[in-house]
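Inside the fold
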Amino acid sequence: EAPFPESLAEFFVLSFCPPNGTVLDCFSGSGTTAAVAVRHARNFVGCDLRQSQVDLALRRLAGETPLALLGDTK
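To keep things clear, this report deals only with the structure shown in the data block. In this text, all values refer to a predicted model and were calculated from it rather than measured experimentally.

Things to note about the pattern of salt bridges
Under the definition given, this model contains four salt bridges. Here R39 ties to E6 by a salt bridge, and the two come within 2.7 Å at their closest N and O atoms. With R39 in helix 2 (residues 32–39) and E6 in helix 1 (residues 6–16), this residue pair connects regions lying 33 residues apart in the sequence. By relative accessible area, which is 18% here, R39 ends up buried.

Dropping the structure here:
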């Protein structure tokens, strides 16, 4: 396990991936990077060897709404 804060993922997603770009996370775990990417209108591709982590990430992503749809124009 290697959890990290969303603020760390957010820094890299916003710094290196343009809006509508695609973020790749080959070790997506619980989906922290995926959630941040989707929230900031980026596409996401990820995988993990453990089905339990894939299931967790999918549940996490089900609750995400891009900020653009909420009216936030960061």
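What about unusual backbone geometry?
Positioned with a positive phi, N20 is a non-glycine residue whose angle comes to about 70°. Tracing the backbone through its elements, the reader meets N20 in the loop between helix 1 and strand 1 (22–25). Positive phi, normally seen in glycine, also occurs at A41, with a value near 60°. Looking at the element boundaries, A41 is found in the loop between helix 2 and strand 2 (43–46). Given the relative accessible area of 31%, A41 is considered partly exposed.

Conventions and cut-offs
- Residues numbered from 1 in each chain as written.
- Predicted model: local features only at pLDDT ≥ 70, side-chain atom pairs only at ≥ 80, totals over all residues.
- Heavy atoms only, no water.
- Salt bridge = Lys/Arg side-chain N within 4 Å of Asp/Glu carboxyl O.
- Helix = DSSP H or I, 4+ residues; strand = E, 2+ residues; numbered from the N terminus.
- Buried < 20%, exposed > 50% of the residue type's maximum accessible area, 1.4 Å probe, protein only.

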